Amino acid sequence: MTRISHILTFSALLGSSALAQPTQITFWNFLGGGDGARMKQLVDGYNSSQNKYKVEQTTLQWGVPFYTKVRTSISVGEGPHLISFHLSRMTGWAPENLLRPITAQELASVGLKRADFFPRLLNAATYRGKTYAVPLDTHPLVLYYNKDLARKAGLLDARGKLKPINSMAEFNAALKAVADKTGKTGLAFQNNPTSSAPWRMWITLMAQQKAKIVENNKLVAGEEGKKALATMVAWAKNKNMAMNADYPSFVAQFTTGEAAFMINGVWEVPSMVDGRKANKIAFDYGVAPMPAMNGSQNVWADSHGLAIPNNAKKPISKEHLAGVMNFIAYVQKNSMIWAQGGHIPAYRATVNSKEYAVLKPNSDYAAKAAANAVFDPPGWFSGAAGPLQSTAQKYFVAAIQGQLSVDQAWSMFEADANKLMASSPNP
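Residues numbered from 1 in each chain as written. Predicted model: local features only at pLDDT ≥ 70, side-chain atom pairs only at ≥ 80, totals over all residues. Heavy atoms only, no water.

If you look at the biggest cluster of nonpolar residues, it comprises 82 residues, and the most contacted ones within it are M39, F85 and F327. Element by element, the count of residues in this core is highest for helix α13 (residues 318-333), at eight residues. Within the second largest apolar cluster, 61 residues are counted, among which are A211, V214, L219 and F413. (Core = buried A, V, L, I, M, F, W, Y, C linked by side-chain atoms within 4.5 Å. Buried < 20%, exposed > 50% of the residue type's maximum accessible area, 1.4 Å probe, protein only. Helix = DSSP H or I, 4+ residues; strand = E, 2+ residues; numbered from the N terminus.)

Okay, unusual backbone geometry next. In this model, K360 is joined to P361 through a cis peptide bond whose omega is 5 degrees. Take P361: it is sitting in the loop between α16 (354-357) and α17 (362-371). A positive phi angle is found at N216, which is not glycine, with a value near 50 degrees. Within the secondary structure, N216 is located in the loop between α9 (197-208) and α10 (222-237). Classification of N216 as exposed rests on a relative accessible area of 76%. Even without being a glycine, N279 presents a positive backbone phi close to 60 degrees. Tracing the backbone through its elements, the reader meets N279 in the loop between α12 (269-277) and β10 (285-289). Classification of N279 by relative accessible area gives exposed; the value is 65%.

Quick look at α13 now. For α13, spanning 16 residues, the distance from its first C-alpha to its last is 23 Å, which sits close to the expected 22 Å at 1.5 Å a residue. Residues of α13 that are buried include every one of L321, G323, V324, M325, F327, I328, A329, Y330, V331 and Q332, and no others. (Expected span 1.5 Å × (residues − 1).)

Written out as structure tokens, the structure reads:
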């Protein structure tokens, strides 16, 4: 081969190398704090694991700002290739053709199948027979408990676990036992005006009664709804919890040993684990699935999912779709990383693994909580940071704080909720 041929061949190789740049996958999400750190770890791990695709993530503000920006970008054909998504918003987004369906064949192309995921989560990702997101996790409410206080109150079994609580009467008796035998507060529970906790607990109590909330865009909760609200009001009246507690203060109440129980989401697990390791939390603790206060262990939950925006003016290309699916599969098959944030992975192989079995306290609540997860009622007005939740917050918190009676709060919520649901779904 001549010198010129060598030069031409080398130049051709350089050219092909320059052309073989990874396909860029744009990924918008709302994941901050520990969630954001773990997703970054997954993105970095994926990008370093292969050179065909490169995921570039952009983190936007959680809640309404995120969904408004994504919706706007889709309408002008400039949406990203992939987004994080709350499955509780599915019944608002899927009917508006905002998300692209993901087929069983597309899942199979990256080694995934529907049976890989917890059924309730997959159902939440499905609308009228089509799957619009791949579930990533579920994050329910759980019951955190201070083992030292619970032991003094006679609430632990011989293994040091919380004794079964099978009714509201038993739960209230446990709160009273704490006060009587330790002098501490029974329950740490967020109840300030901006708190979503009362809404989530109300959903839990309704779900445990197996009561309907919305039907044909009308509130049908009735007496069960008032009963659920009255339960939380009674906790306040009986001084089972501190009043007007915002998020930092009610978490601090539990972590400093001033309350025996805390109702909170699984997202607080990393803080408990880290605090205990650093000796910032001076007591032993446990985390249990939500007790059966009203006949079952159904519990409010939401789920993060990964969804493909339906950019109608600029549909996703085959190459970008292949990269999106490849990344989704990587995240699922490495979801032990995500599990360390407290969330329960949607990928059943992870939850059923030996590695997960020794992940504490996660494995103490995961299977039961995931199996009993219940989402917000369906509708455009529902879901994470949705307007129905915001409407409930005003009146539920006012009742808990004694500013309104249960009847007054319920009547006001019912009237406003029905007006909302009868109005236009446009943002």
